[in-house]
Amino acid sequence: MYHNNSIRILTGNSHPELAHAVAERLNVPLVPCTVKNFSNGEINVKISESVRDEDVFIIQSGCDDVNDNLMELLILISACKTASARRITAVIPCFPYARMDKKDKSRAPITAKLVANMLTVAGCDHVITMDLHASQIQGFFDIPVDNLWSEPLMMGYIKRSIPGWQDAVVVSPDAGGAKRVTAMADKLNIEFALIHRKRDGKSLTAPERMELLVGDVKDKVAILVDDMVDSGSTLALAARTLRDAGAKSVHALISHGLLSGSNLTLIDELPIHELVVTNTIPQGKHKEAIAKLVTVDVSPTIAESIRRTHNGESISLLFGEWAETTGVVAV
């Protein structure tokens, strides 16, 4: 067991609920820390306890005011570095700018690489994150990166909460998620389907449509799996495509519920039974607007990864059956 006096957990303003849940599971108090803004918008950090020669974990997610939250994280890392912390681990449940991971058109920035550089320069020694949009982002760092998966939590949820899952079909709304859904389908021993997305015409403003490319969902429960829901346009297109293809019901399981679209109530009108997301991003105000929203708690997985990192143990266990049994639905 780790020694309580050598692990220190800090958090900024991005997701204090998750940080408190993680600290509670580890039976470690959060380090008193004030993160405020000056009147001109600059961020001021005050850490009220010594972190000298301690193992520091800073929990900060990339959500809401993503740029402010990223800057808070960088300043907290820098403050701990200059305060002589032994090791600094950034725990970033939802990695900011993860979608900008490649130069997909001329003059496009690879911002995920820039964020990696900024974290390293600030003084970060190790990163723990969850469900990276593209796993090659781990290669943008020269420091260790642990990319945790929500897949076992979601599989536990499927087995416990989706009736008739043994005859369901796991569906990816785009080609990018094919690897994710085929791996889940193999582990659950059920079928999978892929949706192809294309524009009607060559113009960038042309309307998009989807068609079922692989698999059959007729008269079956469709489990739509993706890593991120933002505006909800992909979810809407995919849900209607599955309904039109004859699916009995549609359950959407998505890791990061950004849900930054302006009109969240539209999601309740979609032909889905429920929208299941994790709490890598605060879901409080989303729950008020979306009746169909269900949240799966990732704090046990993050807490265990911190405990194992601190003790120098392997974290491979977190990718298997252990995580399936710990996934609880957050209230």
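Looking at an unreviewed UniProt entry, the protein carries the name ribose-phosphate diphosphokinase, with the source organism given as Ephemerocybe angulata. As recorded by UniProt, the Catalytic activity (unreviewed entry) comment attached to the protein reads in full: "D-ribose 5-phosphate + ATP = 5-phospho-alpha-D-ribose 1-diphosphate + AMP + H(+)".

(A) Region of the structure containing the overall build of the protein. A count of helices and strands for the protein gives nine helices and 15 strands. Whereas a compact globule of 331 residues would reach a radius of gyration of roughly 20 Å, the protein reaches 20 Å, a difference of no more than 12%. For the protein, the C-alpha atoms occupy an extent of roughly 60 × 45 × 35 Å along the three principal directions. The buried share of the protein, reckoned over its 331 residues, is 53%. Of the contacts formed within the protein by residues at least 6 apart in sequence, a portion of 63% connects residues at least 24 apart. Here the protein has roughly 15300 Å² of accessible surface; of this, 50% comes from carbon and sulfur atoms. The centroid of the 34 positive side-chain charges in the protein is displaced by 3 Å from the centroid of its 40 negative side-chain charges.

(B) A look at the side chain of Ser 305. Along the chain, the position of Ser 305 falls in helix H8 (residues 299-311). What makes Ser 305 buried here is its relative accessible area of 1%. Excluding residues within four positions of it along the chain, Ser 305 makes contact with Ile 128, Leu 148, Ile 315 and Leu 318.

(C) Fine view of the packing of helix H4 (residues 151-161) against helix H5 (residues 178-188). Their axes nearest at 11 Å, the elements H4 and H5 cross at an angle of 50 degrees. Judged by the inter-axis angle, H4 sits oblique to H5. Where H4 crosses over H5, the handedness of that crossing is right-handed. In this structure, H4 contributes Glu 151, Met 154, Met 155, Ile 158 and Lys 159 to the contact, and H5 contributes Arg 180, Ala 183, Met 184, Lys 187 and Leu 188.

(D) Layout of the pairing of strand S14 (residues 293-297). With five of its five residues buried, S14 lies for the most part within the structure. At this point the chain moves from strand S13 (residues 274-278), through helix H7 (residues 284-289), to the parallel S14, and the crossover so formed is right-handed.

(E) Looking closely at the layout of surface pockets. Estimated volume of the largest pocket: approximately 910 Å³. For the largest pocket, the lining is made up of 37 residues, of which Leu 132, His 133, Gly 176, Arg 180 and Asp 227 are closest to its centre. Among the secondary structure elements, those contributing two or more residues to the lining of the largest pocket are H4, H5, strand S11 (221-229), helix H6 (233-244) and strand S12 (249-257). At six residues, the largest contribution of residues to the lining of the largest pocket is made by S11. Residues belonging to the lining of the largest pocket are distributed by class as follows: 14 nonpolar, 12 polar and 11 charged.

(F) Broad picture of the UniProt feature "domain: Ribose-phosphate pyrophosphokinase N-terminal" (unreviewed entry) in the protein. As annotated by UniProt and renumbered to match this structure, "domain: Ribose-phosphate pyrophosphokinase N-terminal" (unreviewed entry) occupies residues 7-123. A distance of 18 Å separates the end C-alpha atoms of residues 7-123, which is 34% helix and 22% strand.

(G) Main features of unusual backbone geometry. Unusually for a residue other than glycine, Asp 64 sits at a positive phi of about 45 degrees. The residue Asp 219 is not glycine, and still its phi comes out positive at about 60 degrees. Tracing the chain through its elements places Asp 219 in the loop between strand S10 (208-214) and S11.

(H) The sheet that holds strand S4 (residues 55-59), seen in detail. Strand order across the open sheet formed by five strands is S1-S4-S5-S6-S7, with parallel pairing between neighbours. Taken across any chain shown, the strands that pair with only one partner, and hence form the sheet edges, are strand S1 (7-11) and strand S7 (145-148). Averaged over neighbouring strand pairs, the angle between their axes works out to 20 degrees when direction is ignored. When S1 meets S4, the two strands line up parallel, connected through five bridges. For Arg 8, the partnering residue across the bridge sits in S4 and is Val 56. In the packing of helix H2 (residues 66-82) onto the sheet, the strands contacted are S1, S4 and strand S5 (87-92), and the crossing angle to S5 comes to about 165 degrees.

(I) Layout of the pairing of S5. Across the six residues of S5, five count as buried, placing the element largely inside the fold. One ladder, built from five bridges, connects S4 with S5; its direction is parallel. By the bridge assignment for S5, Ile 58 is matched with Ala 90. Once you follow S4 into H2 and on to S5, the crossover reads as right-handed. Pairing analysis gives four bridges linking S5 to strand S6 (residues 126-130), with the strands arranged parallel. What sits directly across from Ile 92, in S6, is Thr 129.

Criteria and cut-off values
- Here the residue index of a chain counts from 1 through its sequence in written order.
- Reporting in this predicted model follows two pLDDT cut-offs: at least 70 for local features of residues, and 80 or more for side-chain atom pairs to be given and counted; totals over whole chains, interfaces and linings ignore these cut-offs and use all residues.
- As a convention, hydrogens and water are excluded, and side-chain values are obtained from all of the structure's heavy atoms.
- UniProt positions are given in the numbering used here, feature names are shortened, and annotations may be inferred rather than shown by experiment.
- Counting from the N terminus, the helices are DSSP H or I runs at least four residues long and the strands are E runs at least two residues long.
- Throughout, the radius of gyration refers to the C-alpha atoms, and the reference size of a globule is 2.2 Å times the residue count to the power 0.38.
- In this scheme, a residue with accessible area under 20% of its type's maximum is buried, one over 50% is exposed, and one in between is partly exposed, where area comes from a 1.4 Å probe on protein chains only.
- Here a residue-residue contact requires only that any non-hydrogen atoms of the pair lie within 4.5 Å.
- Residue exposure ignores everything except the shown protein chains as possible cover, and the areas themselves are Shrake-Rupley values with a 1.4 Å probe.
- This count recognises Lys and Arg as positive and Asp and Glu as negative, with His and chain-terminal groups excluded.
- In this description, the location of a charge corresponds to atom NZ of lysine, CZ of arginine, CG of aspartate or CD of glutamate.
- Convention adopted: a line fitted to C-alpha atoms gives each axis, helices being fitted over their contacting stretch, and angles between N-to-C directions are expressed from 0 to 180 degrees.
- Oblique is the label for every angle not falling under 35 degrees (roughly parallel), over 145 degrees (roughly antiparallel), or within 65 to 115 degrees (roughly perpendicular).
- For a crossing to be left-handed, the near helix must be turned anticlockwise from the far one by less than a right angle; the clockwise case is right-handed.
- A crossover counts as right-handed when, viewed with the strands pointing away from the observer, the path leading from the first strand over the helix to the second turns clockwise.
- Of the two site types, the cavity is a set of points on a 1 Å grid over the protein atoms alone where a 1.4 Å probe fits but cannot get out, and the pocket is an open set with protein on both sides within 12 Å along at least five of seven lines, each lined by residues with an atom within 4 Å of a point.
- Grid points are joined across faces, edges and corners, and a volume is the space filled by probe spheres set on the points.
- As a working rule, the residues Ala, Val, Leu, Ile, Met, Phe, Trp, Tyr, Cys and Pro are called nonpolar, Asp, Glu, Lys and Arg charged, and the rest polar, with Gly in that last group.
- Strands pair, by our definition, only if DSSP identifies at least two bridges between them.

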